[in-house]
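Working through the structure, step by step
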Amino acid sequence: AAFERENPAVQWSWVSRGGLRAGRALEEYLDTVLASKPDITLLVMNVMDETDFEAIGKIVEALVSAGGRVIMPDKLAHKEHCLGDDRPDVVGLVKEAGGEVMRVGRLLDEHPERESFVCLDGLHMGPAYHKLMALQLLRFLCGKAHPAWQGGQGCGEESSSGEA
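Each value, and the rule that gives it
Residues numbered from 1 in each chain as written. Predicted model: local features only at pLDDT ≥ 70, side-chain atom pairs only at ≥ 80, totals over all residues. Heavy atoms only, no water. Core = buried A, V, L, I, M, F, W, Y, C linked by side-chain atoms within 4.5 Å. Buried < 20%, exposed > 50% of the residue type's maximum accessible area, 1.4 Å probe, protein only. Helix = DSSP H or I, 4+ residues; strand = E, 2+ residues; numbered from the N terminus. Contact = heavy atoms within 4.5 Å. Phe/Tyr/Trp six-rings, centres within 6.5 Å; stacked < 30°, edge-to-face > 60°. Pairing = 2+ DSSP bridges. Axes fitted to C-alpha atoms, helices over the stretch in contact; angles between N-to-C directions. Salt bridge = Lys/Arg side-chain N within 4 Å of Asp/Glu carboxyl O.

What follows covers the nonpolar core. One recurring pattern in soluble globular proteins is that nonpolar side chains are buried together. If you look at the biggest cluster of nonpolar residues, it comprises 23 residues, and the most contacted ones within it are L43, M45, I56 and M72. At the level of secondary structure, the elements contributing two or more residues to this core comprise α2 (22–28), α3 (30–35), α4 (50–65), β2 (69–73) and α5 (88–96). Leaving out residues up to four positions away in the same chain, M72 has contacts with L43, M45, V47, I56, V90, V94, E100, V101 and M102. Counting 15 residues, the second largest nonpolar core, distinct from the first, contains V104, L108, A128 and F140.

According to the stated counting rule, one finds 1 aromatic pair in the structure shown. Centroid distance F117 to Y129: 5.8 Å. Interplanar angle 70°. Geometry classified as edge-to-face. Note that F117 is positioned in the loop between α6 (105–110) and α7 (127–141) and Y129 in helix α7, a separation of 12 residues in sequence. Neither residue differs from the other here; F117 and Y129 are each classed as buried.

Let us now look at unusual backbone geometry. Most peptide bonds take the trans form, and the phi angle of most residues other than glycine is negative. Even without being a glycine, K37 presents a positive backbone phi close to 50°. Tracing the backbone shows K37 in the loop between α3 and β1 (40–42). According to the relative accessible area criterion, K37 is exposed, its value standing at 69%.

With that settled, consider the sheet that holds β2. Spatial ordering of the open sheet is given by β1-β2-β3, a layout of 3 strands whose pairing is parallel. Edge strands, defined here as strands with exactly one partner in the open sheet, are β1 and β3 (100–102). Taken pair by pair, the neighbouring strands of this sheet meet at an average axis angle of 25°, ignoring direction. Sheet contacts for α5: β2 and β3; angle to β3, the most-contacted strand, approximately 140°. Packed onto the sheet, α7 meets β1, β2 and β3 and runs at close to 140° relative to β3.

Between side chains of opposite charge, pairing is possible as soon as their charged atoms come close. A full pass over the atoms with the stated rule returns 8 salt bridges. In this structure, D74 engages R103 in a salt bridge whose closest nitrogen and oxygen atoms are separated by 3.9 Å. Placement of the pair is D74 in the loop between β2 and α5 and R103 in the loop between β3 and α6, with a sequence separation of 29 residues. Accessibility expressed as a relative area gives 16% for D74, which makes it buried. Residues R106 and E110 are paired through a salt bridge, measuring 3.5 Å at the closest nitrogen-oxygen approach. With R106 and E110 both in helix α6 and 4 residues apart, this pair spans about one turn of that helix. In the salt-bridge network here, residues are joined through shared partners; they are R21, D49 and D52.

If you want it as structure tokens, here you go:
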């Protein structure tokens, strides 16, 4: 309710189920997402095999062809909690299909709080992870990449010239 109150012109929706892989997203969710005509789509899903690999390309191409901006993180978890998403070929495919890659892999791997990213169940990600990823998405959207993964200045961080 607070988001809608503070940002009445912004509409967002969550289209998902747990453990979402690209193949299932293509079959079950792409038509729903396309029907909503999104300006920006953040894809957060696992690419575990060739079916998922082909599906992610089709998803990105369809969303970009519909006039949307598509963003996908290069990695979903740090190296000690790999979900099978650490595939450089996926990054290339997303770019080739017209999508943008939000580079967070190095930041996830090197973050001092990475041990607290995973919940006690050993599967789901916890508050520290979600906070970091949300901040990185906001930085990405405002064009202020975190210095650790794109060489740019983070939002609110001063550059060597003293400019933010």
